[in-house]
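Fold and contact review
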Amino acid sequence: MNAVLITLFVISTCWAVFTGHIPESGAAVMEGAEEAVRLCINISGAICLWSAAMELMERCGLSERLSSLLQPLLGRLFPESCRSKDARQALSENVSANLLGLGSAATPSGLRAARAMAACCPQELGLLVVMNTASLQLLPTTIASLRAGMGAASPFDILPAVWLSSLVSQAAGLGTAALLRRCSR
C-alpha cells in the first residue's frame, strides 16, 4: 500500500509541475487533509457510542441472550464452531454489530471469533470472512452518521437500498461459500 501511495504522490507532483498547477495542488492537499480530519471526527462519535453499546451488551448479559437467539441460524452456518461457547458468543456479537452497520465495532468480536474458530475448526474461517465482508445490515449507523455529518436532511432514507444491496451481497457470498464447500468435498 505504501508503494501505491508513494507512486500516486510522485505522479501527481510531477503532473502539477508539468502543468504549472503547483499552488492549486498544494491547496488541494491541505483541503483533503482537513476533510479527512473532519470525517474522522464525524465518525468517531458513532463508533464510540456503538462500541460502548456492544461492551454494555456483553457486561449485562444481553450478548448471551442474543447468542441463544441467533443460535439456530449460526448453528446452521457454523455447525462446528457453535459447539464452543466462546466462538458462539463472539460470532453472535459480530453478527449483531454487522446487523447494526457497525463494521468498526464488529472487528474486535470478529477477531475473537476467528481466534476461537481457528482453534476448533479452521475450515469455517472462510465463511466468517465472507459474512463480515458482505455483512447484512438492518440499520447502517456508520453510513447514517457520515450522511448526517455531511448535512443530509434524512440520513436514514437510504435504508431500502442498503437492505437490498446487503441482502443480495450476503446471499451471493453464502451461496458461493456453499458451492465452494461442496466442490472441495
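The rules we used
- Residues numbered from 1 in each chain as written.
- Predicted model: local features only at pLDDT ≥ 70, side-chain atom pairs only at ≥ 80, totals over all residues.
- Heavy atoms only, no water.
- Helix = DSSP H or I, 4+ residues; strand = E, 2+ residues; numbered from the N terminus.
- Rg over C-alpha atoms; globule rule 2.2 N^0.38 Å.
- Buried < 20%, exposed > 50% of the residue type's maximum accessible area, 1.4 Å probe, protein only.
- Contact = heavy atoms within 4.5 Å.
- Phe/Tyr/Trp six-rings, centres within 6.5 Å; stacked < 30°, edge-to-face > 60°.
- Salt bridge = Lys/Arg side-chain N within 4 Å of Asp/Glu carboxyl O.
- Disulfide = S-S within 2.5 Å.
- Axes fitted to C-alpha atoms, helices over the stretch in contact; angles between N-to-C directions.
- Parallel < 35°, antiparallel > 145°, perpendicular 65-115°, else oblique.
- Left-handed = near helix turned anticlockwise from the far one by under 90°.
- Nonpolar A, V, L, I, M, F, W, Y, C, P; charged D, E, K, R; others polar.
- Arc of directions from axis to C-beta.
- Core = buried A, V, L, I, M, F, W, Y, C linked by side-chain atoms within 4.5 Å.

For the protein, the count of helices and strands is eight helices and zero strands. Moving toward the C terminus, one meets the helices and strands of the protein in the order α-α-α-α-α-α-α-α. The C-alpha atoms of the protein give 21 Å as radius of gyration, which overshoots the globular expectation for 185 residues (16 Å, by more than 25%). The buried share of the protein, reckoned over its 185 residues, is 30%. Long-range pairs, those at least 24 residues apart, make up 62% of the contacts in the protein with a sequence separation of at least 6.

With that settled, the discussion passes to the packing of aromatic side chains. Summed over all chains, the structure comprises one aromatic pair. Their ring planes at 40 degrees and their centres at 5.7 Å tell us that tryptophan 15 and phenylalanine 18 sit as a pair that is tilted. Within this pair, tryptophan 15 and its partner phenylalanine 18 are both found in helix H1 (residues 2-19), separated by three residues, close to a single helical turn. For the pair tryptophan 15 and phenylalanine 18, a shared accessibility class is recorded, and that class is exposed.

The next thing to look at is the pattern of salt bridges. Enumeration over the complete set of coordinates arrives at four salt bridges. Linking glutamate 34 and arginine 38 is a salt bridge whose minimum nitrogen-to-oxygen distance equals 2.9 Å. Placement of both glutamate 34 and arginine 38 in helix H2 (residues 22-60) is noted, with a separation of four residues, approximately one turn of the helix. Classification of arginine 38 as partly exposed rests on a relative accessible area of 37%. Of the charged contacts in the structure, one is a salt bridge between glutamate 35 and arginine 38, with a shortest N-O distance of 2.5 Å. Taken together, the residues span about one helical turn, with glutamate 35 and arginine 38 both in helix H2 at a distance of three residues. The class of glutamate 35 is partly exposed, set by a relative accessible area of 34%. Here the residues in one salt-bridge network are Glu34, Glu35 and Arg38, joined through shared partners.

Glancing now at the state of the cysteines. Throughout this description, disulfide means a covalent bond between two cysteine sulfur atoms. Counting across every chain of the model gives zero disulfides. Unpaired in this structure, cysteine 121 has its nearest cysteine sulfur neighbour in cysteine 120, at a distance of 3.5 Å.

A few words on the packing of helix H6 (residues 125-134) against helix H8 (residues 159-184). For the pair H6 and H8, the least separation of the axes is 9 Å and the interaxial angle reads 165 degrees. Here H8 runs roughly antiparallel to H6, going by the angle between their axes. Between H6 and H8 lies a crossing of right-handed hand. In contact with Leu127, Val130, Met131 and Ala134 of H6, H8 contributes Ser166, Ser169, Gln170, Gly173, Leu174, Ala177 and Arg181. Of the residues that constitute the contact of H6 with H8, the class distribution is six nonpolar, four polar and one charged.

This paragraph deals with helix H7 (residues 141-149). Three or more residues of H7 are buried, namely Thr141, Thr142, Ala144 and Ser145. All buried residues of H7 project into a common sector of 165 degrees when viewed along the axis, lining one side. Residue glycine 151 follows H7 closely and has a positive phi angle near 95 degrees.

In this section: the packing of helix H4 (residues 85-99) against H6. Two elements in contact, H4 and H6, have axes whose closest approach is 10 Å; the angle formed by their N-to-C orientations is 20 degrees. Relative to H6, the element H4 is oriented roughly parallel. The way H4 lies across H6 gives a crossing that is left-handed. Across the interface between the two elements, Leu91, Asn94, Val95 and Asn98 of H4 pack against Leu128, Met131 and Asn132 of H6. Here the contact of H4 with H6 is composed, by residue class, of four nonpolar, three polar and no charged.

Moving on to the nonpolar core. Ranked by size, the top nonpolar core spans 14 residues in total, and within it Leu74, Phe78, Leu91 and Leu128 carry the most contacts. Leucine 128 has contacts with Phe78, Leu91, Asn94, Gly110, Ala113, Ala114 and Met117, leaving out every residue within four places of it along the chain. Formed by six residues, the second largest nonpolar core is a distinct cluster that contains Met54, Leu102, Ala105 and Ala106.

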